[in-house]
Amino acid sequence: ALLRLGLFCCLVAAALASSKTCAERGIATSKIDLDGDPGDVFWVCADRRTVLVHSSARTLWRSSDDGKSWSNEMPKLSGAQELQEVFGAGIAKVIPSDADRNRVFIQGVGRKHWITTDCGHSYTKLTTDLALTDVMLHPTEKDWLLAGAFSPECFGKPHKGKFCNRQLYLSQDFGVKWESKVDFVQGFQWGQARETVIYGEFKDKAGHQPLMPLYKSDIRYSRNLFRTHHTALEHGVGFKVMQGHLYAAAQDDKGGLKLFESKNDGVTMTELKFPANLPQERYIIFEDNKGGVFIEVKHGADYGTVYASNGDSGEMVTVLRDNPMGYNAHVEWVGFVGAVGQGAVIIANVVERGLNGEGSSDKRSVISFDRGAHWTPIAPPTNEACPQLGVGQLCSLHLHTTHKQTASHHKEEGTTAHFGSLLSKAHAVGLVMASGNVGAKLEESSDATSAYLSRDAGQSWTKIRAGSHTYEMGDHGGVMLLAENRRHTKELAYSVDQGSSWHSCLFDQDEVLISDILSEPNATSTHFLLHGQKVGGGGVLVSLDFSSKQSRTCKGEDHAGEPDSDFELWSPSDGEMVNCLQGKTTVFTRRKRGAECFIGSEWEKKETAGFCKCSAEDFECNYCHERRKETMELTEGGVAEVNTTAGKAPCVWVCDGAPAAPTPPDECRGTFPAETAYRKVAGDECRGGETLDVRQVRCPGEEGGGIEEEEESSEPSAESDSDSDSDSDGKSSAPSSSSSAPVSQVPHVIDRTEEADAERKQEEVEESSHMGLILGMLIFVALIAGGGCIAYTQRERLGGGGSLN
């Protein structure tokens, strides 16, 4: 009886504890009901305390105190609520400036637009009558703008000999005056040089642009603000400027696609060479903070192959096969740029295929600590048991890699992720939050999903809570929040000790279907915004202020690791070499997990670095080589499964024919250096040790000329590759052996979807009257938004870079 009474008291105490409001737990809260669902959320102004929210009702809301109080800005925007012919009324886009955080361009849904140069304290209505489709602010010149706008013919105002088209405009006074520069424009973007503009332009201008196939346009550039123009690539169907490089796709003579790269804004274009002679249907491009670029190519299936650049030759090396690649611009590939500050750690999902290349659509997660050179399963968490699996099935952690973008000064909230996003931030080193499950494959059920935390950039994991959640970090990772996102709730969980312990509180008396939890993008603030939809409809924003949860500021950073310091020293590792990642030892200063203190927004993480000796882990396969160690295992019931993760298998030749013989120099004596099946991983800084990327070959005419010198062999040590064996179908061509996106990975898609859609609409639009042309123009809007046939996803939660859509 006493035992039952004690148990009853514990249950009552737990219920009372969980029913405490957040305010009762010392968390200041405030709420505002919006006229629509919260859409894009931006932190602007130099102090990063001003927040702008663009709602689904096309309205603009503003807070100047981290979301504690709000004002509807529509009355301040002259004419914003007046109906405009085809367009309606309201705000279409909010575009903060990278060159000046106090400036924001507010694009209306029609011909009315506004600007602010003081973070929204006041607004100026622009006098232009342009129906803007998209606006691009210059990254460094605060007054320079590019904008696309429809011609009057697109709105039933015909002029003899003129046709509906999109025109490119330039403003050099922040939108006060505009100059028309190019018509029949497919897309446009600022180049890497200050006065350079890259754009697509249709050659034949005799017809309505919405009816024109994209391959009839050229990729062009101007290096002096349109005083002169040059053609970079003919028959271009799409382009994107990333990391100072121009990537452009063009249609070849057979109707297929080819991808080109330029490092000088289009002056010279180099065709990228992919080792597989397969059709190229679509490209998705990822960038990271080390200047590297990954390109995923769709070769005909619903999964693609990821390639990495191989220097200046244009040769692309295979990084990962069978990466899920849906038709909605979502690719299951995420890089932890913010996790360790180097961009070396990548998580991806692969499709499990059968021996004949077909089979189930089951997905499993893999992780790489060297930018894709080696892949391994993700270690299951230490506090969760593996389920009962079939014979030969491997138990590991599988993660959903849907993601959202965190920019340096604002956060854009796009399509609500089906599951919680993968989250890491540059100012919270080593910390990663994610959603997934433990087992043999990735489960798509929310009942099978849990939230997980890693404090060592993905080496090890801990289960936080069961169920699908959304989450956020603040105060350099010292404060963590999470809440269920698949059902209405009024409860959230929080931790102020980096996940060591979690507490619950009620953030409101009414339940909300939570879309996301946001914080200032650098993850340095203790203020959070929770937003979602009310049960009866409409949006809600809840402000949560944790600044009173701790009574003191952390101290002792100068002697981190000592007992009286609130800080510790931490070094990322690839799991093979102790404290080595990408050939370098980096030591970060960060808050101890159990320290009860706040760091504050002004604190910057400290780091020191040294170099490691090169080992097999610092090398990846060269062009036309892949790791093809495929092992077959029988599951329960005798079903064969193929392990497509090559791990540390040797790199073997995979292209047609045989490798070309090395070319000796004109004057050759003794031996000369030649390429091998390996190359050093991009960004790797190891020094000394093993050298796998160069072999010595005897000069012609010498005894044994053309034969590799055995004493200079690039064979790795037995210790580094003792478990590797050669692929049964391939011949080894070398000795066996290896700050908020934000891989920054902003995925950018280039394909011909829009061209096919436009062709299907052609006959209908050609036979239509005035309203038909307007319909075609509206379809045209959908096709060209964001730069021609470039589609953008904004589901990435990484540190750095902007989000486009």
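Residues numbered from 1 in each chain as written. Predicted model: local features only at pLDDT ≥ 70, side-chain atom pairs only at ≥ 80, totals over all residues. Heavy atoms only, no water.

### Focus: unusual backbone geometry
So, point 1. Although it is not a glycine, Leu 225 adopts a positive phi angle of roughly 55°.
So, point 2. Within the secondary structure layout, Leu 225 lies in the loop between strand S16 (217–222) and strand S17 (230–233).
So, point 3. Judged by relative accessible area, which is 8%, Leu 225 ranks as buried.
So, point 4. We note that His 235 has phi near 55°; this positive angle belongs to a residue other than glycine. (Helix = DSSP H or I, 4+ residues; strand = E, 2+ residues; numbered from the N terminus. Buried < 20%, exposed > 50% of the residue type's maximum accessible area, 1.4 Å probe, protein only.)

### Topic: the environment of Gln 459
So, point 1. Mapped onto the fold, Gln 459 is located in the loop between strand S32 (450–454) and strand S33 (462–466).
So, point 2. The partly exposed category is assigned to Gln 459, whose relative accessible area is 25%.
So, point 3. Put simply, Gln 459 and Pro 381 are 78 residues apart on the chain and 9.9 Å apart in space, counted from C-alpha to C-alpha.
So, point 4. Aside from chain neighbours lying at most four places away, what touches Gln 459 is Phe 369, Ala 379, Ser 454, Ser 573, Asp 574 and Gly 575. (Contact = heavy atoms within 4.5 Å.)

### Points about the state of the cysteines
So, point 1. For the structure on display, the rule yields 10 disulfides.
So, point 2. Disulfide pairing places Cys 22 opposite Cys 505 at an S-S distance of 2.0 Å. Every disulfide takes its handedness from the sign of the S-S torsion; for Cys 22 and Cys 505 that torsion is 75°, giving right-handed. Residue Cys 22 is located in the loop between helix H1 (2–18) and strand S1 (28–34), and its partner Cys 505 is located in strand S37 (residues 503–506); the two are separated by 483 residues in the primary sequence.
So, point 3. Residue Cys 22 is classed as buried on the basis of its relative accessible area of 1%.
So, point 4. With its sulfur 1.9 Å from that of its partner, Cys 624 forms a disulfide with Cys 655. Residues Cys 624 and Cys 655 are joined by a disulfide whose S-S torsion is about -90°; by sign, that bridge is left-handed. Of this pair, Cys 624 sits in the loop between strand S44 (619–621) and strand S45 (625–627) while Cys 655 sits in the loop between strand S48 (651–653) and strand S49 (671–675), and the two are 31 residues apart along the sequence.
So, point 5. Given a relative accessible area of 4%, Cys 624 falls into the buried group.
So, point 6. Overall, the relative accessible area of 14% leaves Cys 655 in the buried class. (Disulfide = S-S within 2.5 Å.)

### What to know about the environment of Ala 448
So, point 1. Topologically, Ala 448 is positioned in the loop between strand S31 (432–439) and S32.
So, point 2. It is 8.0 Å that separates the C-alpha atoms of Ala 448 and Ala 466, two residues lying 18 residues apart in sequence.
So, point 3. If we skip the residues at most four places from it in the chain, Ala 448 touches Gly 436, Asn 437 and Glu 443.

### Side note on the sheet that holds strand S2 (residues 38–44)
So, point 1. Read across the sheet, 4 strands follow the order S2-S3-S4-S5 without closing on themselves; strand pairing throughout is antiparallel. Only two strands of the sheet have a single neighbouring strand rather than two, namely S2 and strand S5 (71–72).
So, point 2. As defined by bridge partners, strand S4 (residues 60–63) adjoins S5 across 2 bridges and the pair is classed as antiparallel. In the strand pairing of S5, Trp 61 is matched with Asn 72. (Pairing = 2+ DSSP bridges.)

### As for the confidence of the model for the protein
Should pLDDT be low for a region, the predicted coordinates there are not to be read in detail.
So, point 1. The predicted model of the protein averages 78 in pLDDT, with 76% of residues at 70 or higher.
So, point 2. Per-element mean pLDDT across the protein ranges from 31 in strand S53 (residues 790–792) up to 97 in strand S12 (residues 166–171).
So, point 3. Ignoring residues within four places in sequence, the model shows residues 327–331, a span with pLDDT below 50, making 22 contacts including any to other chains.
So, point 4. Here residues 335–341 is modelled with pLDDT under 50, and outside its nearest four sequence neighbours on either side it reaches 40 contacts, counting other chains as well. (pLDDT = per-residue confidence, 0-100.)

### Section: the packing of aromatic side chains
So, point 1. A full pass over the atoms with the stated rule returns 9 aromatic pairs.
So, point 2. For the pair Phe 150 and Phe 155, a centre-to-centre distance of 6.2 Å together with 75° between the ring planes defines the contact as edge-to-face.
So, point 3. Of the residues examined, Phe 150 reaches a relative accessible area of 7% and is grouped as buried.
So, point 4. Since its relative accessible area comes to 6%, Phe 155 is described here as buried.
So, point 5. On the numbers, 6.2 Å between centres and 45° between planes, the contact of Tyr 199 with Phe 226 is tilted. (Phe/Tyr/Trp six-rings, centres within 6.5 Å; stacked < 30°, edge-to-face > 60°.)

### So, the sheet that holds strand S41 (residues 567–570)
So, point 1. Across the sheet, which stays open at both edges, the 3 strands sit in the order S41-S42-S43 with antiparallel pairing between neighbours. At either end of the open sheet lies a strand with only one pairing partner, and these are S41 and strand S43 (607–611). Put simply, the sheet's adjacent strands are angled 15° from each other on average, direction ignored.
So, point 2. Here strand S42 (residues 584–591) runs beside S43; their pairing, made up of 5 bridges, is antiparallel. Residue pairing for S43: Thr 585 is matched across the bridge by Gly 610. (Axes fitted to C-alpha atoms, helices over the stretch in contact; angles between N-to-C directions.)

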